Amino acid sequence: MARRTAILNNKGGVGKTATGMRLAEALARKGRRVLYVEGDPQGNAMRRFALRWFEGMRGTNEAVQADQVGVVRQSIHRIGWQEDYADRIRIVPAWLELDDRTAEAGIPGSHLRLVKGLQGADDDFDETILDCPPSLSHLTQLALAASHQAIVVTEAEQDSIRGARRAMEYIAQKAYALHNEDLKVTGAVMTRMDATRSVDRAQLASAREIFGDLMWEPVIPRLNVYKEIDTNGQPITKATGEKAGIARASFELLADTFEKRSLTV
Ligand SMILES: Nc1ncnc2c1ncn2[C@@H]1O[C@H](COP(=O)(O)OP(=O)(O)OP(=O)(O)O)[C@@H](O)[C@H]1O
Ligand SMILES: [Mg+2]
């Protein structure tokens, strides 16, 4: 069984998907087999992994709707990148229809549909990364019910840090109700940090106080090159310019921290 890690923050646009994807990529470059489960109807990861939607394609929505043991197996796809290591990454994609599953949240046991679908389906992977939407509602609950651990991602900004804190409190309060008592937040990752700005430096110091030992190193810098490769749907190996090396090394180091600090399952 793969180690399952949910990536979340209550707030939107803080860099959850970018962090989850680049972490998945860095782990694959280190030889790990990674399944990336997109739990956000925006479908950003699918596009950034260069996977095109096709008629009849199955994804997270279909797996959750089916509500059957192991059904996620039918929703696993190769990604569009050509790099050798891309062969170790698979995705369960999502798009707008996933939002419709939220309407079924009142059905008893509905929050367990993803964990049921993943059962046996990620046995051939080392890591499963679950990308959450910017909320703590049903779609995030599906991911949390299925995960061994959670990582909160934040920017060096007050509302983003609050959102990460809220996500941590939510897990502490609701893990039992989600039938996943052992779920733990194992890390807080700060990203999009501009060290030249005093406000960012002050917010980083504040985050270090709040999250303490949970803060993972390194802090991921705010770099245009990350935005460029996300926009173009490219792997990090395609990053160019003087900051490309820093961009790659930051996630290589974060992947090292991930391996050291993650729960053993
Ligand atoms: N370290 C970084 N430096 C510069 N830009 C970044 C960095 N990380 C992410 N971005 C960019 O910031 C934007 C928001 O990132 P992303 O979509 O990953 O956030 P998110 O939290 O997943 O958003 P949402 O809540 O909508 O799911 C994207 O354009 C992304 O390319
Ligand atoms: Mg996202």
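The preceding data block contains the structure.
Conventions adopted
Residues numbered from 1 in each chain as written. Chains lettered and ligands numbered in written order. Predicted model: local features only at pLDDT ≥ 70, side-chain atom pairs only at ≥ 80, totals over all residues. Heavy atoms only, no water. Helix = DSSP H or I, 4+ residues; strand = E, 2+ residues; numbered from the N terminus. Buried < 20%, exposed > 50% of the residue type's maximum accessible area, 1.4 Å probe, protein only. Contact = heavy atoms within 4.5 Å. Areas by Shrake-Rupley, 256 points an atom, 1.4 Å probe, with all protein chains shown as cover. Lys, Arg positive; Asp, Glu negative; His and termini not counted. Charge placed at Lys NZ, Arg CZ, Asp CG, Glu CD. Pairing = 2+ DSSP bridges. Core = buried A, V, L, I, M, F, W, Y, C linked by side-chain atoms within 4.5 Å. Salt bridge = Lys/Arg side-chain N within 4 Å of Asp/Glu carboxyl O. Expected span 1.5 Å × (residues − 1). Axes fitted to C-alpha atoms, helices over the stretch in contact; angles between N-to-C directions. Phe/Tyr/Trp six-rings, centres within 6.5 Å; stacked < 30°, edge-to-face > 60°.

The subject of this paragraph is the overall build of the protein chain. When you go through the protein chain residue by residue, the secondary structure sums to nine helices and seven strands. Overall, the protein chain is about 50 × 40 × 30 Å in size when its C-alpha atoms are taken along their principal axes. Across the 265 residues in the protein chain, those meeting the buried criterion constitute 55%. Looking at the protein chain alone, contacts between residues at least 24 apart form 80% of all its contacts between residues at least 6 apart. Surface accessibility of the protein chain: about 11,700 Å² in total, with carbon and sulfur atoms responsible for 47%. Positive and negative side-chain charges in the protein chain, numbering 36 and 36 respectively, have mean positions lying 2 Å apart.

Glancing now at the environment of alanine 188. Relative to the helices and strands, alanine 188 is located in strand E7 (residues 184–190). Here the alpha-carbon distance between alanine 188 and isoleucine 161, two residues 27 residues apart in the chain, equals 9.8 Å. What alanine 188 contacts, discounting residues up to four positions off in sequence, is Val152, Phe211, Leu214, Met215 and Trp216.

Attention now moves to the pairing of strand E2 (residues 34–38). Of all five residues making up E2, five are buried, and the element is well covered by its neighbours. What you see with E2 is no split at all: Val34, Tyr36 and Glu38 on one side and Leu35 and Val37 on the other are buried throughout. Here five bridges tie E2 to strand E5 (residues 127–131), and the two strands are oriented parallel to one another. When the sheet's bridge partners are listed, valine 37 is paired in E5 with leucine 130.

Looking at the secondary structure, you find valine 153 in strand E6 (residues 149–154). A residue is classified by how much of its surface remains accessible, and valine 153, at 0% relative accessible area, is buried. For the pair formed by valine 153 and threonine 19, sequence separation is 134 residues and the distance between their alpha carbons is 7.6 Å. Those residues in contact with valine 153, other than ones at most four positions away along the chain, are Ile7, Leu8, Asn9, Val14, Gly15, Lys16, Thr19, Ala164, Val189 and Thr191.

What follows concerns the nonpolar core. One broad rule of soluble globular proteins: the nonpolar side chains tend to lie buried together. In this structure, Leu8, Leu114, Leu118, Leu144 and Met190 are the most contacted members of the largest nonpolar core, which totals 45 residues. Core analysis: the second largest hydrophobic core is formed by 40 residues, Met21, Ala28, Phe49 and Ile129 among them.

Further remarks concern the pattern of salt bridges. Tallying each qualifying case throughout the model produces 23 salt bridges. Close ionic contact of arginine 162 with aspartate 159 constitutes a salt bridge, the shortest N to O distance being 4.0 Å. Residue arginine 162 and its partner aspartate 159 are located together in helix H6 (residues 158–174), separated by three residues, close to a single helical turn. Take aspartate 159: its relative accessible area is 41%, and that puts it in the partly exposed class. Here arginine 197 makes a salt bridge to aspartate 200, at a shortest N to O gap of 2.9 Å.

The subject of this paragraph is helix H7 (residues 198–211). Helix length check: H7 (14 residues) gives 20 Å between terminal C-alpha atoms against 20 Å at 1.5 Å per residue, within 8%. The secondary structure elements touched by the buried residues of H7 are E6, H6 and E7. Positioned one or two residues after H7, glycine 212 has a phi angle of 55°, which is positive.

A sheet is described by the order of its strands in space; here seven strands give the open sequence E3-E4-E2-E5-E1-E6-E7, paired in mixed fashion. Edge strands, defined here as strands with exactly one partner in the open sheet, are strand E3 (77–78) and E7. Against the sheet, H6 contacts strand E1 (3–8), E6 and E7, and its axis sits at roughly 165° relative to E6.

This brings us to the packing of aromatic side chains. Taken as a whole and assessed by the stated rule, the structure comprises five aromatic pairs. Ring centres of phenylalanine 49 and tryptophan 81 lie 4.9 Å apart, and the angle between their planes is 55°; this geometry places the pair in the tilted category. Of this pair, phenylalanine 49 sits in the loop between helix H2 (44–48) and helix H3 (60–66) while tryptophan 81 sits in the loop between E3 and strand E4 (89–92), and the two are 32 residues apart along the sequence. One exposure class covers both phenylalanine 49 and tryptophan 81, and it is buried. Relative to tryptophan 95, the ring of tryptophan 53 has its centre 6.2 Å away and its plane inclined at 80°; by these criteria the two rings are edge-to-face.

Helix length check: H6, at 17 residues, gives a terminal C-alpha distance of 24 Å against a target of 24 Å (1.5 Å per residue), a fit within 8%. The elements touched by buried residues of H6 are E1, helix H5 (138–146), E6, E7 and H7.

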